[in-house]
Amino acid sequence: MDKDSSAAAESALSCSRCGKPAYLQCPKCVELKLPREGAAFCTQDCFKASWSSHKSVHFKSKLANVQSEQTQDGWLYCLRKGQTRTSELPYFDWTGALRPYPISQQRLVPEGLEKPDWAVDGIPKIEPNSDLQNIVEIKTPEQIERMRETCRSYRAELAQALIEPKLGLGWAQLGCTIAREVLDAAARIIRPGITTDEIDEVVHQATIAAGGYPSPLNYHFFPKSCCTSVNEVICHGIPDARKLEDGDIVNVDVTVYYKGVHGDLNETFFVGEVDEASQQLVRCTYECLEKAISIVKPGVRFREVGEVINRHATMSGLSVVKSYCGHGIGELFHCAPNIPHYGSILAGNKAVGIMKAGQTFTIEPMINAGVWRDRLWPDGWTAVTADGKRSAQFEHTLLVTETGVEVLTARLPSSPKVFPWLNS
């Protein structure tokens with residue numbers, strides 16, 4: 001097409017906002033090779049005024065490309081708590097900007113590895129009917145030692161398994177450790193451009209290399225080896241094909257089953273340069289957990305944990321999620337006691353009982369920038385904030401001792417220095 005005919009064709013385009021003759025093109029639409037109709041604007045002012053709605057065109061285009069490329073390789077959207085897959089993005093009244101992406105096929109676990117009873121068919125058998133759903137177990141010294149090893153301790157032998165070359169990370173440099181270092185391994189690869197599925201691969205490979213089983217895998221049909229919760233996702237986000245973007249926050253929740261016991265922890269990480277409000281949210285959530293841990297000792301009521309967390313969060317103008325709580329842990333993934341993170345009995349915290357030496361449980365506050373209420377995505381797992389604002393979470397597995405508390409999943413000297421307030 002010659003210059004004159006090209007100019008005539010351009011003048012035939014109408015502004016996507018006001019309908020006037022348009023000569024400017026959205027650069028992102030040009031990059032994505034989208035049709036020029038719908039991407040033309042008469043002035044920069046019209047372009048800027050349309051940006052909040054126009055940018056959804058880019059998202060839909062990327063999603064369509066991901067879907068067309070990956071459906072052929074078994075990448076599909078998750079439905080019904082992991083029991084169903086679909087090639088179409090489910091319909092939902094999304095609360096924020098985040099959308100689910102297709103997920104990869106379930107990762108394989110080697111034969112001969114000790115597994116929990118849901119590993120094959122997705123159905124826990126012992127846990128739901130156990131007496132430990134109502135009685136808080138006092139662990140024996142032998143059980144405590146196994147939990148210490150599962151949660152944090154180094155093993156002498158090194159696994160030589162390597163992550164895919166594109167991730168640039170080999171286990172020889174990390175050593176072979178259990179839950180804490182599995183999470184640390186995930187933290188080391190978090191950056192813009194990494195997918196949450198790649199994080200799940202690191203968690204899966206690190207756990208297997210250590211001789212453990214990733215507890216979430218096939219638990220009530222959960223399809224992945226860890227939970228990755230981005231931005232407005234409160235918890236139980238399913239790792240998928242979405243690439244992390246500069247400014248995101250992402251929580252990675254890891255549980256390892258090893259020598260017959262579980263170790264559970266999570267942290268929320270910054271992706272690239274994060275805005276000040278998100279930094280404050282993540283730091284306050286970290287502080288909520290630390291303040292709660294500081295009161296753990298024999299004789300303390302379980303509901304006092306929620307009172308401490310709620311006080312600190314509300315003083316910072318944040319809210320505490322009420323739908324999910326901390327839990328007992330050991331030979332069972334989830335058992336008594338329940339540890340609500342919100343306020344007093346007047347606010348609905350009806351946790352009963354007091355802490356005793358030998359008990360093990362998690363504290364894992366979920367703190368929202370907006371309202372505390374949540375909604376569930378069509379996948380049946382992903383809990384998101386009702387108003388689309390961001391949420392953060394931190395978690396440790398704790399042992400009540402005779403004199404206080406031992407944080408079984410505490411950070412190691414080798415843990416990556418990713419939280420600025422710990423580096424000062």
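These numbers were taken from a predicted model, which means no experiment stands behind them. (Residues numbered from 1 in each chain as written. Predicted model: local features only at pLDDT ≥ 70, side-chain atom pairs only at ≥ 80, totals over all residues. Heavy atoms only, no water.)

Participant: Could you give an account of the side chain of Ser225, naming the residues involved and the relevant values?
Facilitator: Assignment of secondary structure puts Ser225 in the loop between strand S5 (213–214) and strand S6 (227–230). There is a polar contact of 2.7 Å between the side chain of Ser225 and the side chain of His204. For Ser225, the residues in contact, after removing those within four places along its chain, are Asp200, Val203, His204, Pro214, Pro216 and Leu217. (Helix = DSSP H or I, 4+ residues; strand = E, 2+ residues; numbered from the N terminus. Polar contact = N/O pair within 3.5 Å; in protein donor to acceptor, adjacent residues only side chain to side chain. Contact = heavy atoms within 4.5 Å.)

Participant: A description of helix H5 (residues 141–151) should follow, citing residues and the corresponding values.
Facilitator: Along an α-helix, a turn takes 3.6 residues, which lines up residues three or four apart on a common side. Gln143, Ile144, Arg146, Met147, Glu149, Thr150 and Cys151 are the residues of H5 that are buried. In this structure, the buried residues of H5 make contact with helix H6 (179–189), strand S8 (249–258), strand S9 (261–270), strand S13 (360–363) and strand S18 (396–400). (Buried < 20%, exposed > 50% of the residue type's maximum accessible area, 1.4 Å probe, protein only.)

Participant: Give me the lowdown on the environment of Thr314, citing residues and values where you can.
Facilitator: Tracing the backbone shows Thr314 in helix H9 (residues 303–315). Between the C-alpha atom of Thr314 and that of Ile367, which follows or precedes it by 53 residues, the distance is 9.7 Å. A polar side-chain atom of Thr314 sits 2.7 Å from the main-chain carbonyl oxygen of Asn310. At 3.2 Å, the side chain of Thr314 and the backbone oxygen of Arg311 are in polar contact.

Participant: An account of the sheet that holds strand S10 (residues 319–320) is requested, with residue identities and associated values reported.
Facilitator: The sheet built from 3 strands is open, its strands ordered S10-S14-S17 with antiparallel pairing. What marks the edges here is a single partner per strand, and that holds for S10 and strand S17 (391–393). (Pairing = 2+ DSSP bridges.)

Participant: How would you explain the pairing of S9 if you had to name every residue and give the values?
Facilitator: For S9, a buried count of 10 out of 10 residues is recorded, marking the element as mostly surrounded by other parts of the structure. Side chains Val261, Gly263, Leu265, Glu267 and Phe269 of S9 all project onto a buried face; the interleaved residues His262, Asp264, Asn266, Thr268 and Phe270 project onto the opposite face, where all are buried too. Bridge analysis of S8 against S9 gives 10 bridges, and the strand direction is antiparallel. Each residue of the ladder has a partner; that of Tyr258, found in S9, is Val261.

Participant: Please set out the packing of aromatic side chains residue by residue, giving values where relevant.
Facilitator: In the structure shown here, the tally under the stated rule is 16 aromatic pairs. Ring centres of Phe92 and Trp94 lie 5.0 Å apart, and the angle between their planes is 65°; on these two criteria the pair is classed as edge-to-face. Take Phe92 and Trp94: they sit in the same class, and that class is buried. Measuring from ring centre to ring centre gives 6.1 Å for Trp118 and Phe333, while their planes differ by 25°; the resulting arrangement is stacked. Of the two residues, Trp118 sits in the loop between strand S4 (84–86) and helix H4 (126–129) while Phe333 sits in the loop between strand S11 (326–328) and strand S12 (335–339), which places them 215 residues apart along the sequence. Here Trp118 and Phe333 have matching classes, each one buried. Put simply, the rings of Phe269, Phe270, Tyr286, Phe394, Phe419 and Trp421 touch in pairs and so form one group of aromatic residues. (Phe/Tyr/Trp six-rings, centres within 6.5 Å; stacked < 30°, edge-to-face > 60°.)

Participant: An account of the UniProt feature "binding site: a protein" (unreviewed entry) in the chain is requested, with residue identities and associated values reported.
Facilitator: The UniProt record annotates "binding site: a protein" (unreviewed entry) at His236 and His334. Following the sequence through the fold, His236 ends up in the loop between strand S7 (233–235) and S8. When sequence neighbours within four positions are dropped, the list of residues in contact with His236 reads Phe222, Cys227, Ser229, Tyr324, Trp381 and Thr382. The partly exposed category is assigned to His334, whose relative accessible area is 26%. Not counting the four nearest positions on each side in its chain, His334 is found in contact with Glu127, Gln133, Tyr219, His327 and Gly328. (UniProt positions renumbered as here; feature names shortened; annotations may be inferred.)

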